[in-house]
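Examining the three-dimensional arrangement
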Amino acid sequence: MSPKSLQRGNLSSPTTFLLLGFSNAYRAQVTLCLCFSLIYLVTVVGNLLIVTLVWLDAHLHSPMYFFLGHLSFLDICYSSVTLPKILGDSFSPQKTISFVGCITQIYFFLCFGGSECVLLAAMAYDRYLAICHPLHYPVLMSKKMCHCLVAVSWLSGSSSSLIQAFLTARLPFCGSNMINHLFCELPFLLKASCSPNAPLNKAALYALAGTIAMGSFLLTLMSYVHIIRAVLQKGAGTQRAFATCTSHLTVVSLFFGAGAVAYLVPHSSGSKEMDEVLALLYAVVTPMLNPIIYSLRNNEVKGAIRKALRRGVLQMSTK
C-alpha cells in the first residue's frame, strides 16, 4: 500500500507515513532481517529468563531482584515496540505506517523508555539504602515501598508519554509525509510537521521528556555520590557491598549514555546512518545486553541459572 501524500498547505493529518530505513538491496535485507531476528530472540529469551528466575528462586526474593525483574519485563516491552515493525519492513517495498500506528508507537516507546529511566533511579536508591543505611534497610525498603516505586515508574512513564503523544497527534502535517528514520520517533516526526508553532511544540515536548530523563539521571547520580563516599569512608565491608552496583552502573551508563548522544546531539549535524545506529543502540541493543550484563556480573543470578539447569537435567533424567 502506498502512502497518501498531502498537498502543500493541507493542514490535516496524513493517513500513512513512509519510513525511510535501510537500503532495499535484497542481500542487505536478508542480513538485517537475520540480525534483527537474532537480537529480538536473545532479548526476549534473556529477559524472560531473568523474570522467571526472580519469580521462582527464593534466593532472589529481595528488593534488588524485584526491581531487576520489572526492568527485564520493561526491556521486553521496549524492544517489542520497534523491532517487530522493523522486521516486518525488512522485505516490504513500501515501508509504511498509519498515522494512528505512528502515534501509538511513539506513545509506547516513550512510555517504556520513561518508565525504565525512573526504575533505574529507583534501583540506584535501593543500592544507596542497602550500602549507606544497612541497619534500617529492611524497614526503609519494605515490600510496600518496592511496589510504590515500581508504580511511580510506570505512572511517570505512561503519563508523560500520553501528553507527548497527544500534543504530537495535534500537530498539522503537510507536503511530504516521509519520516527519514527506521521507526516513528518524536524528533523525526516533528521534522515532518509544517506547523508554524513547531519549534514551541518541540521545546515543550523536549522539556517534558527531559524532566523524566534528567530527573532520573540526577537522582541516580546523587545516589552513587553517597554510595562512593560511604565506600571510601567505611572500608572493605562496604566495598564488597559496592560490587552489587557494578551491573546496575553498566546498564545505567549504556542506557543514559546512548540516549543522551541520540537526543542531545543535533540531528542535522550527523548523517542518516549515524542517527539509525544510535537509535538501534538504545532502542534495540541495550535491552538485549541488560540480561547478559546481570547474568555475567552477578554471582546470585549465575547461581540461580546453574540451579535451574541442574533441576532441568534431573527432571529429564528421571523421565
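Residues numbered from 1 in each chain as written. Predicted model: local features only at pLDDT ≥ 70, side-chain atom pairs only at ≥ 80, totals over all residues. Heavy atoms only, no water.

Axis separation between helix H3 (residues 99-132) and helix H5 (residues 143-169) bottoms out at 7 Å; the angle between their running directions is 150°. With respect to H5, the element H3 is oriented roughly antiparallel. Note that H3 runs across H5; the crossing there is right-handed. Across the contact of H3 with H5, the residue classes break down as 17 nonpolar, 9 polar and no charged. (Axes fitted to C-alpha atoms, helices over the stretch in contact; angles between N-to-C directions. Helix = DSSP H or I, 4+ residues; strand = E, 2+ residues; numbered from the N terminus. Parallel < 35°, antiparallel > 145°, perpendicular 65-115°, else oblique. Left-handed = near helix turned anticlockwise from the far one by under 90°. Nonpolar A, V, L, I, M, F, W, Y, C, P; charged D, E, K, R; others polar.)

Turning our eyes to something else, we now look at the packing of aromatic side chains. Aromatic ring pairs are reported here in terms of the distance separating the ring centres and the angle at which the planes meet. Scanning the entire structure with this criterion turns up 11 aromatic pairs. Between the aromatic rings of phenylalanine 255 and phenylalanine 256, the centroid separation amounts to 5.6 Å while the plane-to-plane angle is 85°, which identifies the pairing as edge-to-face. Judged by relative accessible area, which is 11%, phenylalanine 256 ranks as buried. By the ring-pair criterion, three or more aromatic residues cluster together here, those being Tyr78, Phe109, Phe183, Phe217, Phe255 and Phe256. (Phe/Tyr/Trp six-rings, centres within 6.5 Å; stacked < 30°, edge-to-face > 60°. Buried < 20%, exposed > 50% of the residue type's maximum accessible area, 1.4 Å probe, protein only.)

Attention now goes to the layout of surface pockets. A volume near 260 Å³ is recorded for the second largest pocket. Lining the second largest pocket are 15 residues, with Ala121, Ala122, Tyr125, Leu219 and Ser223 sitting closest to its centre. If you list the elements that add at least two residues to the lining of the second largest pocket, you get H3, H5 and helix H7 (198-234). (1 Å grid on protein atoms, 1.4 Å probe; cavity = no way out; pocket = protein on both sides within 12 Å on 5 of 7 lines; lining within 4 Å. Points joined across faces, edges and corners; volume = space filled by probe spheres on them.)

What follows concerns the UniProt feature "transmembrane region" (unreviewed entry) in the protein chain. Using the residue numbers shown here, the UniProt feature "transmembrane region" (unreviewed entry) corresponds to residues 37-58, 106-125, 146-167, 205-229, 241-265 and 277-296. Within the segment residues 146-167, helix and strand shares are 100% and 0% respectively, and the terminal C-alpha atoms sit 32 Å apart. For residues 205-229, the helix share is 100%, the strand share is 0%, and the end-to-end C-alpha distance is 36 Å. (UniProt positions renumbered as here; feature names shortened; annotations may be inferred.)

Evaluation of the coordinates by the stated rule reveals 2 cavities of 30 Å³ or more. In this structure, the second largest cavity spans a volume of roughly 30 Å³. Taken together, Met64, Met123, Arg127, Thr244, His248 and Tyr294 make up the lining of the second largest cavity.

Once that is clear, we can look at the packing of helix H2 (residues 63-89) against H3. Their axes nearest at 9 Å, the elements H2 and H3 cross at an angle of 160°. By the angle class used here, H2 and H3 are roughly antiparallel. Once H2 is placed against H3, the crossing between them reads as left-handed.

What follows covers a nonpolar patch on the surface. A surface patch of nonpolar side chains, amounting to about 420 Å² of accessible area, comprises Leu38, Leu41, Val42, Val45 and Ile292. Residue contributions to the nonpolar patch peak at 4 residues, all from helix H1 (residues 26-56). Within the element layout of this structure, valine 45 appears in helix H1. (Patch = residues over 30% accessible without salt bridge, like charges linked within 9 Å, V, L, I, M, F, W, Y side chains within 5 Å. Areas by Shrake-Rupley, 256 points an atom, 1.4 Å probe, with all protein chains shown as cover. Salt bridge = Lys/Arg side-chain N within 4 Å of Asp/Glu carboxyl O.)

Right, let's get into the state of the cysteines. A full pass over the atoms with the stated rule returns 1 disulfide. Residue pairing for cysteine 102: its cysteine sulfur links by disulfide to cysteine 184, the two sulfurs lying 2.0 Å apart. Torsion about the S-S bond of the cysteine 102 and cysteine 184 cystine: about -115°, corresponding to left-handed handedness. On the criterion of sequence distance, the pair formed by cysteine 102 in helix H3 and cysteine 184 in the loop between strand S3 (178-179) and helix H6 (186-191) is long-range, its members being 82 residues apart. Classification of cysteine 184 as buried rests on a relative accessible area of 0%. Unpaired in this structure, cysteine 132 has its nearest cysteine sulfur neighbour in cysteine 245, at a distance of 9.0 Å. Look at cysteine 132 and you get buried, because its relative accessible area is 14%. (Disulfide = S-S within 2.5 Å.)

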